[in-house]
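# Summary of structural features
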Protein chains: 4
Amino acid sequence: MNFASDNWFGASQPVMETLARHNLKAAPAYGADAVTESVTQRFSDIFEREVSVFFVGTGSVANALALAAYARPGGAVFCHRESHINVDECNCPEFMSSGSKLIPVPGHGGKITPAGLREALESVPPNIVHHGQAVAVSITQATESGTIYSVDEIAKIKAAASARSIALHMDGARFANALVSLNTSPADMTWKSGVDVLSFGATKNGCWCAEAVVFFDLEAARGFEYHRKRAGHLFSKSRFIAAQFEGYLENDHWLKNARHANEMALLLAEGLRAKGVRTVWPVEANEVFPIMDRQRFTKLQAAGAMIYEWPLREDAIQSELSADELCIRMVTSFATTVEDVARFLDAYGE
Amino acid sequence: MNFASDNWFGASQPVMETLARHNLKAAPAYGADAVTESVTQRFSDIFEREVSVFFVGTGSVANALALAAYARPGGAVFCHRESHINVDECNCPEFMSSGSKLIPVPGHGGKITPAGLREALESVPPNIVHHGQAVAVSITQATESGTIYSVDEIAKIKAAASARSIALHMDGARFANALVSLNTSPADMTWKSGVDVLSFGATKNGCWCAEAVVFFDLEAARGFEYHRKRAGHLFSKSRFIAAQFEGYLENDHWLKNARHANEMALLLAEGLRAKGVRTVWPVEANEVFPIMDRQRFTKLQAAGAMIYEWPLREDAIQSELSADELCIRMVTSFATTVEDVARFLDAYGE
Amino acid sequence: MNFASDNWFGASQPVMETLARHNLKAAPAYGADAVTESVTQRFSDIFEREVSVFFVGTGSVANALALAAYARPGGAVFCHRESHINVDECNCPEFMSSGSKLIPVPGHGGKITPAGLREALESVPPNIVHHGQAVAVSITQATESGTIYSVDEIAKIKAAASARSIALHMDGARFANALVSLNTSPADMTWKSGVDVLSFGATKNGCWCAEAVVFFDLEAARGFEYHRKRAGHLFSKSRFIAAQFEGYLENDHWLKNARHANEMALLLAEGLRAKGVRTVWPVEANEVFPIMDRQRFTKLQAAGAMIYEWPLREDAIQSELSADELCIRMVTSFATTVEDVARFLDAYGE
Amino acid sequence: MNFASDNWFGASQPVMETLARHNLKAAPAYGADAVTESVTQRFSDIFEREVSVFFVGTGSVANALALAAYARPGGAVFCHRESHINVDECNCPEFMSSGSKLIPVPGHGGKITPAGLREALESVPPNIVHHGQAVAVSITQATESGTIYSVDEIAKIKAAASARSIALHMDGARFANALVSLNTSPADMTWKSGVDVLSFGATKNGCWCAEAVVFFDLEAARGFEYHRKRAGHLFSKSRFIAAQFEGYLENDHWLKNARHANEMALLLAEGLRAKGVRTVWPVEANEVFPIMDRQRFTKLQAAGAMIYEWPLREDAIQSELSADELCIRMVTSFATTVEDVARFLDAYGE
């Protein structure tokens with residue numbers, strides 16, 4: 001009954017097998033190898049256009065470096081108040097950008113809105129040196145709240161960004177979960193909707209450390225290898241990140257993993273709702289946020305359920321909870337089984 | 001006949017097996033797991049004292065963050081002119097330290113001397129704000145030239161460093177190779193000789209990405225987890241770095257790998273010398289630097305030998321070469337076989 | 001009728017005279033001169049204890065470097081949402097701290113409250129590496145809204161800061177205006193209330209470029225000269241900043257200037273109120289924020305009044321304005337005359 | 001007998017008078033005033049073309065920000081080993097560029113040569129990410145050794161720089177001294193010889209704090225105001241830097257000051273040579289470096305001569321000194337008098 005996080009699991013079998021297979025051979029270091037080359041090509045196929053791809057070791061640095069590529073002195077990056085880059089990366093984005101400011105944008109369910117972005121942009125008007133300069137907006141797909149931007153919503157955020165000539169970054173730590181949920185194409189969910197650069201995460205969905213910065217804005221990608229190297233993220237045996245991606249992308253393995261994780265989340269949500277449990281935010285990816293009282297929470301943990309309290313920061317939602325109630329985050333993954341869900345629901349009781 | 005670099009090979013079998021074994025289980029993210037805990041304890045055992053250990057993904061960032069822990073504004077770090085941190089890390093040390101200056105110290109065979117360090121330190125005297133402030137000296141063990149500092153040499157460099165109250169960092173990308181070559185203990189080669197912080201590399205000697213920053217100076221380690229996280233080097237599935245170390249350190253596997261690599265280097269060097277080939281610098285670890293003419297070099301490459309020219313930057317050595325001669329770097333590893341060496345010597349001809 | 005800003009005026013006569021007097025002599029560069037020494041001593045007298053004083057050229061860098069002295073990786077600095085460091089310094093604080101995050105704290109009239117600070121601190125709990133680490137809180141005295149923290153309010157903010165072991169910084173760009181308004185001592189308004197480091201501004205109140213970073217926390221001041229020099233703020237002829245301070249501090253000149261500016265603000269506010277004009281926030285220093293309609297605003301500007309619109313960011317206040325009404329910022333200074341005020345009131349009409 | 005440094009003196013009379021005159025008026029802050037505008041235009045006149053001019057407070061930050069405008073990750077800046085940016089600015093250039101590396105280039109008399117530059121550039125070849133990327137070369141005019149690059153020498157360094165597409169920066173802390181020495185035009189000594197950006201210093205030659213970053217490369221100047229502001233170097237009363245420049249540039253005051261300083265240096269050098277004193281490096285600007293024994297040095301200091309020892313770092317020169325001999329730096333300025341020189345020569349004795 002492990003619903004703690006999708007990063008508690010290891011690599012899925014096809015990924016480990018690919019890693020092991022490539023381990024038998026020697027090959028040039030620092031990404032000058034055939035696997036890196038073929039996987040890079042694979043990314044262009046998946047996105048139906050030329051892309052610039054850079055492998056790194058963590059999602060945090062993928063985000064931070066993607067934003068650093070657009071940094072300028074006094075730079076302002078707009079993002080959701082609760083986004084990972086704003087609250088969970090220990091200022092890695094600020095550091096890699098030599099002091100960019102992250103401007104928190106409010107928004108329901110982890111999503112910013114075009115109107116919210118436009119209002120926030122007003123605090124950094126053009127050509128006023130004191131206020132710095134707007135450089136990028138970052139959205140998370142799927143969000144920290146397990147919700148998803150529709151293709152149309154992304155396009156509208158892009159329009160607001162373009163009106164101020166700032167770049168659109170997508171934090172895709174759970175890219176696959178969002179993609180299969182929308183049932184759209186990688187191209188439609190990214191560059192066709194205006195995304196300039198994407199943090200393409202695979203670690204949570206079946207790899208052990210495989211993240212890619214994918215540029216659709218090829219001009220911005222120029223010189224990016226120096227950003228990565230300066231950050232200490234050019235692995236000497238970089239081909240093993242590529243190898244993980246090879247196993248991950250082959251035979252739609254990544255999509256299958258994500259579909260499974262999302263299905264488990266739905267199964268869990270339906271089971272809870274059938275018991276009258278309220279869940280916060282729509283279940284659109286692989287996260288479920290049920291409300292329960294502390295006694296129940298303690299009982300479930302005692303029964304072996306790995307679940308954690310989630311800090312609710314939306315006042316409207318918080319106000320609906322009684323003093324005794326908590327919001328719990330439950331994350332499903334490629335490794336979650338129907339039995340896990342059933343056992344949890346059983347442990348929940350009536 | 002792959003003598004290109006020790007980072008062209010994958011992980012050795014015990015390391016891959018440990019990785020695969022731990023992959024079957026789920027465990028807490030970000031290093032809060034049992035494997036990380038036990039491997040951390042193992043480091044204390046190996047060094048015969050309490051140490052603070054932090055796993056990261058690359059040797060470059062291990063060096064840069066170790067030095068960042070000692071950074072101060074206007075900081076000066078002293079290192080060999082040819083050291084990896086000075087010429088091969090794309091300013092990662094300078095960046096992570098927010099603008100430290102690396103002061104190149106000359107020295108024969110990749111090694112700095114206490115006298116050279118003292119002279120270099122004179123350019124950054126105490127309490128003169130214009131010149132900045134000396135903060136650390138970094139030595140590489142084994143060096144880029146395949147040579148090794150004796151325990152006594154390390155202690156003397158420490159004495160010069162202590163006279164100015166600066167820290168001593170050891171870049172141990174090839175720590176194991178140096179250790180078995182000296183036939184000493186990890187403790188003697190580090191903290192007992194005055195090393196404050198060590199970049200403990202395992203990637204080149206049998207892992208695919210396993211590097212550790214090991215602090216003997218426990219005070220300097222305080223808050224270091226924030227340095228690592230801010231640099232984007234806290235892996236969510238950090239336990240797989242720990243797992244690599246587990247396989248690496250078990251049953252003296254790391255020492256065996258290093259001994260083998262060193263032996264292959266000696267075998268190669270002896271074979272070459274028997275043919276009258278001069279080698280630059282003593283062969284003390286897993287690198288051999290033979291001198292050959294360009295025709296021979298081209299012929300060997302054509303025969304399948306993966307070898308590369310090495311830029312000689314010591315004038316005294318360079319002046320002994322004829323116009324047609326090159327210095328070649330040959331690196332052996334745990335995966336190098338006696339047959340590789342024999343085939344190379346055979347291909348070399350008379 | 002110049003109410004644009006207190007930084008539109010030059011230096012007051014005693015300051016210029018002191019500058020001119022010292023200009024006749026040669027003296028050691030970089031602050032190793034007798035004027036710097038005597039003025040430094042003067043600061044200790046004024047604050048009734050030993051202080052560490054560092055002269056710099058701008059208030060922005062005084063703030064940024066004061067905070068940099070407390071910076072740690074992933075550092076979070078808490079400040080009012082509308083504070084100068086947060087909205088008007090083009091990320092200078094973030095840059096000088098190598099990526100600190102400024103956490104905006106809401107609060108009426110430009111002032112944060114102990115409760116607001118405590119709530120904001122909850123978002124950066126101790127020992128959770130993902131969220132970074134709280135390092136300092138910064139308050140502005142007088143605030144951007146022309147209001148003032150009482151000595152008791154400062155002490156309570158200090159208590160909230162101390163509960164989390166973070167430093168208390170005071171941005172005193174208008175320190176003198178606040179001081180005479182409170183009719184307290186420099187010691188009471190700073191270290192006796194818990195201030196660790198102060199940006200002591202003199203530029204707005206009679207100098208042309210004279211700012212000092214004053215440390216009461218002498219331990220934090222150690223090595224600060226390297227921060228200043230690295231930022232390019234150690235002036236070779238630093239003694240002329242000291243000279244400005246000499247003229248500024250002599251014969252209570254600074255207090256007289258500030259008293260005058262504050263009196264002009266009160267005179268202006270009373271005159272406006274007598275005409276039925278509402279003013280936003282209490283007039284406690286040298287700023288008045290009247291509400292007027294656009295037509296009146298345009299007419300006044302046409303009549304030669306230098307006044308500007310001020311963006312209101314407090315919803316409660318904004319909601320009381322009609323669609324046609326604006327909030328105007330009017331700043332008085334040592335150079336403002338009774339006639340300026342009278343002429344403005346006259347131009348205002350009925 | 002003050003030959004300590006040209007930064008020990010105050011502002012010259014015309015500069016102080018202009019400062020005092022402008023002090024009587026109020027004007028917009030942050031450089032949006034008429035004086036700033038007219039002085040900016042004056043720079044274009046002086047350089048016979050459109051330039052982008054930014055006023056800052058110190059020469060260190062002028063250099064650091066000029067170089068920051070060309071910074072890229074892993075950036076390498078080439079400069080003379082003894083240059084001010086390399087040894088006297090406490091890593092300000094490295095810090096403002098977020099970790100650029102300054103590559104010391106050797107050269108006689110404080111000057112780098114095209115051949116020396118080309119050789120140094122080889123250590124940072126194009127497109128090798130490990131070594132970083134060459135971004136700029138910086139020359140000092142006049143140099144720290146009191147020597148001067150001819151227009152032809154500058155053009156040849158530019159050619160070496162252009163071959164690698166890197167920018168040419170000139171540190172003109174003593175720009176006027178060099179200009180009158182060469183008897184050429186500002187245009188010829190800068191952009192016509194290939195200079196892209198200039199630190200135009202006025203502090204040493206008659207101002208108290210007036211430095212300008214002058215871009216001939218207008219594209220590189222775009223967004224530079226954000227660099228300056230982020231560094232805390234946009235003065236609120238920036239017009240007083242402009243005012244100093246107004247007085248400095250009017251009626252060829254700056255050139256007269258520099259001519260006088262240079263003449264005093266020549267007078268001093270000739271007087272010393274007449275006594276048989278050797279001087280190191282040709283006296284081309286306002287610095288003289290005589291060799292004398294320690295007894296003489298002590299005697300002169302006792303007699304009131306403000307002179308200091310200068311660390312000789314050229315081995316060829318050092319080797320010509322006897323164990324008892326020192327190299328002394330003597331700097332003349334606009335304020336040095338014929339009597340000062342005569343008195344010194346008299347004190348020197350036979």
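Computed from a predicted model, the values in this text were never measured in an experiment.

What counts and how
Residues numbered from 1 in each chain as written. Chains lettered and ligands numbered in written order. Predicted model: local features only at pLDDT ≥ 70, side-chain atom pairs only at ≥ 80, totals over all residues. Heavy atoms only, no water. Contact = heavy atoms within 4.5 Å. Buried area = accessible area lost by both parts, 1.4 Å probe. Salt bridge = Lys/Arg side-chain N within 4 Å of Asp/Glu carboxyl O. Polar contact = N/O pair within 3.5 Å; in protein donor to acceptor, adjacent residues only side chain to side chain. Least-squares fit on C-alpha atoms with pLDDT ≥ 70 in both. pLDDT = per-residue confidence, 0-100. Helix = DSSP H or I, 4+ residues; strand = E, 2+ residues; numbered from the N terminus. Buried < 20%, exposed > 50% of the residue type's maximum accessible area, 1.4 Å probe, protein only. Axes fitted to C-alpha atoms, helices over the stretch in contact; angles between N-to-C directions. Parallel < 35°, antiparallel > 145°, perpendicular 65-115°, else oblique. Left-handed = near helix turned anticlockwise from the far one by under 90°. Nonpolar A, V, L, I, M, F, W, Y, C, P; charged D, E, K, R; others polar. Domains from an automatic or database assignment. Pairing = 2+ DSSP bridges. Right-handed = clockwise from strand over helix to strand, strands pointing away.

How big an interface is tends to be stated in terms of the accessible area lost upon association of its parts. Opposite the 48 residues of chain A that make contact, chain B presents 48 residues. Across the chain A to chain B interface the summed buried area is about 3800 Å²; carbon plus sulfur atoms make up 63%. Summed over the three residues of chain A that lose the most area to chain B, namely Phe95(A), Trp208(A) and Lys237(A), the buried surface amounts to 22% of that side. Our count for the chain A to chain B interface comes out at zero salt bridges. Here chain A is connected to chain B by 21 residue pairs in polar contact (both at pLDDT 80 or more).

Once that is clear, we can look at the relation of the copies chain A and chain B. Each copy of the sequence occupies a distinct position, and chain A is placed on chain B by a rotation of 180 degrees and an axial shift of 0.0 Å, giving an RMSD of 0.0 Å. The superposition of one copy onto the other is thereby described by a two-fold rotation axis.

Per-residue pLDDT for chain A averages 97, and the proportion of residues at 70 or more is 100%. Reported confidences for the modelled complex are a pTM of 0.97 and an ipTM of 0.97.

So, on to the pattern of salt bridges. Overall, the coordinates contain 59 salt bridges over all chains when judged by the stated rule. Glu94(A) serves as the salt-bridge partner of Lys101(C), at 2.7 Å between the closest nitrogen and oxygen. Placement of Lys101(C) in strand β3 (residues 101-105) and of Glu94(A) in helix α5 (residues 92-96) is noted, with the two residues assigned to different chains. According to the relative accessible area criterion, Lys101(C) is buried, its value standing at 11%.

Its rotation angle being 180 degrees, the transformation that places chain C on chain A also includes 0.0 Å of axial translation and leaves an RMSD of 0.0 Å. When the interface residues of chain C are mapped onto chain A, 100% of them again lie at the interface, so the same face is used by both copies.

What follows deals with the packing of helix α14 (residues 294-302) of chain B against helix α16 (residues 338-348) of chain B. Residues and elements named next belong to chain B. Following both chains from N to C, one finds α14 and α16 inclined at 130 degrees, their axes separated by 10 Å at the closest point. The angle between α14 and α16 falls in the class oblique. Crossing of α14 against α16: the hand is right-handed. Listed contacts from α16 to Arg296, Lys299 and Leu300 of α14 are Phe344, Ala347 and Tyr348. Looking at the contact of α14 with α16 residue by residue, the classes come out as four nonpolar, no polar and two charged.

Let us now look at the domain arrangement of chain A. Residues and elements named next belong to chain A. According to the domain assignment, chain A contains domain 1 (12-252) and domain 2 (253-348). Relative to domain 2, the C-alpha centre of domain 1 lies at a distance of 27 Å. Listed by partner, the interface residues are 35 residues for domain 1 and 24 residues for domain 2. Looking only at domain 1, the three residues that lose the most surface to domain 2 are Arg174, Val180 and Asp252, adding up to 22% of its buried area.

On to the pairing of strand β4 (residues 133-140) of chain A. Within a regular strand, side chains alternate between the sheet's two faces. Residue and element names in this part refer to chain A. Counting buried positions along β4 yields eight of eight residues, so the element is predominantly enclosed. Here strand β2 (residues 75-80) runs beside β4; their pairing, made up of five bridges, is parallel. The residue bridging phenylalanine 78 from the neighbouring strand is valine 137, located in β4. Note: β4 against strand β5 (residues 167-172), five bridges, orientation parallel. For serine 138, the partnering residue across the bridge sits in β5 and is histidine 169. Remark: the β4/helix α7 (residues 151-162)/β5 crossover connection has right-handed handedness.

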